[in-house]
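One letter stands for each residue in the lines below.
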Amino acid sequence: MGHQVIIFDFSLIRGLWETRVKRSKERQRKEKERLEKSSLEKIKQFQEWNFILECRKKGIPQSKYLKNGFVDTDEKILDAYGKTPQRQKRHALSDEVNKEESKFVLKLSGEQWTEFPDSLKEQIYLKEWHVYNTLIQTIPTYIALFQDLRVLELSKNQISHLPVEIGCLKNLKVLNVSFNNLKSVPPELGDCENLEKLDLSGNMEITELPFELSNLKQVTVVDVSANKFHSIPICVLRMSNLQWLDISSNNLKDLPEDIDRLDQLQTLLLQKNKLTYLPRALVNMPKLSLLVVSGDDLVEIPTAVCESTTGLKFISLKDSPVETIVCKDTEEIIESEREREQSEKDFMKAYIEDLKERDSTPSYTTKVLLSLQL
């Protein structure tokens, strides 16, 4: 029994998807601004209410702080009557909270950074590291001292290996070392028992993960796209809470027959591999709602996958290599492979968001020619 295929030439609608990527980013920006504005409004209302209470305590007439129905929070009004110790204490506490929150986060960016600052080893109270777009190549071994570390965001640097001491971070929840120069992952990472998100994408050279990562039972998101995996690592199949797996842009030739042991998996991204068939076990994954594949080599697809009655959205992308552009004086590829992978990840993110918004998306295969001509 065959299945219906709709074919789109992505090269013809490149402009459309670029617009959708921009629209997606703009939507995220506006949502962030909305939340910030909402928070600011709540803070403003809280401050106005406290100001009114303060004025009432001081016996200040309403005519002094209410003008045309709006609260005038000019400090001079209170200064004229003198500030109460409670208000002074509240201002001091607010300043102290802001100071405390900022001192728990490390932020570094820019190519002027070639190594971590020496003073960092004295700040073991830090809870988050956000280091990106630097020339830093090595993570210091004294990272083991940062027992309160929750977030380790080290994307787009020059890091060539993870120290074994990373296994000492028992409270780590997020590890992002995407788009670096990693070739392997230390087994000690499996000791980070509270890890929830692992992003190793874009390192281009990782071929396997140590079995010890099977201990990561709290992980819900794994992204190992744009590497050189030949199969889904055994340790990943043992991550019982995994909900999102992106192993696109690798060298997969087949999927394990017991892939349905990932019974919590919701999203599986397999595009840009060398798959020739999909196992029927995919039908036995009750929570799988999005499956993305690609490649002309894919010749065997279970009909049950294409005609799933569980709400599974099955997408088949027909990919083709990025075409070389001939410039006036010399022939060169405009984007590096890493940059191209990042661009395609942005595309897929917008594409998936678009699919989620279309509740009437058909369950049969949608075939798209993925050709990014820049």
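Reading the values: the criteria
Residues numbered from 1 in each chain as written. Predicted model: local features only at pLDDT ≥ 70, side-chain atom pairs only at ≥ 80, totals over all residues. Heavy atoms only, no water. Core = buried A, V, L, I, M, F, W, Y, C linked by side-chain atoms within 4.5 Å. Buried < 20%, exposed > 50% of the residue type's maximum accessible area, 1.4 Å probe, protein only. Helix = DSSP H or I, 4+ residues; strand = E, 2+ residues; numbered from the N terminus. Contact = heavy atoms within 4.5 Å. Pairing = 2+ DSSP bridges. Phe/Tyr/Trp six-rings, centres within 6.5 Å; stacked < 30°, edge-to-face > 60°. Lys NZ or Arg CZ within 6 Å of the ring centre and 35° of its normal. pLDDT = per-residue confidence, 0-100.

### Notes on the nonpolar core
Counting 66 residues, the largest nonpolar core has Trp129, Leu152, Leu209, Ile259, Leu278, Leu282 and Leu291 as its most contacted members. Among the elements that make up this core, the one with the highest residue count is helix 5 (residues 234-237) (three residues). In this structure Ile259 touches Ile232, Leu237, Leu268, Pro279, Ala281, Leu282 and Met285, once residues within four positions along its chain are discounted. The next biggest cluster of nonpolar side chains, apart from the first, holds 10 residues, and it includes Val292, Ile315, Phe347 and Leu355.

### Considering the pairing of strand 12 (residues 290-294)
By the criterion of burial, strand 12 is predominantly enclosed, with five of the five residues buried. The side-chain alternation of strand 12 yields two buried faces, one formed by Leu290, Val292 and Ser294 and the other by Leu291 and Val293. Of the pairings in the sheet, the one linking strand 11 (residues 267-269) to strand 12 comprises three bridges and is parallel in character. Pairing of Leu269 across the sheet is with Val292, part of strand 12.

### Remarks on the side chain of Ser248
As for its position among the elements, Ser248 is in the loop between strand 10 (244-246) and strand 11. The exposure class of Ser248 is buried, given its relative accessible area of 4%. Contacts of Ser248, omitting those with residues within four sequence positions, involve Ser225, Ala226, Leu269, Leu270, Gln271, Lys272 and Asn273.

### Considering the packing of aromatic side chains
Enumeration according to the criterion identifies four aromatic pairs in this entry. The interplanar angle of 45 degrees and the centroid separation of 5.3 Å between the aromatic rings of Phe116 and Trp129 together place this pair among those described as tilted. Note that Phe116 is positioned in the loop between strand 4 (105-109) and strand 5 (128-132) and Trp129 in strand 5, a separation of 13 residues in sequence. In this pair, the class of Phe116 matches that of Trp129, namely buried. With a centroid separation of 6.4 Å and 35 degrees between ring planes, the pair formed by Tyr142 and Phe146 is classed as tilted. Note on accessibility: Tyr142 and Phe146 belong to one class, buried. The ring of Phe104 has Lys127 lying over it, and the distance from NZ or CZ to the ring centre is 4.9 Å.

### Side note on the confidence of the model for the chain
With 68% of its residues at a pLDDT of 70 or more, the chain has an overall mean of 79. pLDDT under 50 marks residues 1-10. Its contacts with residues more than four places away, or in other chains, come to 27 contacts. Taken as a whole, residues 320-335 scores under 50 in pLDDT and shows 22 contacts with residues more than four places along the chain or in a different chain.

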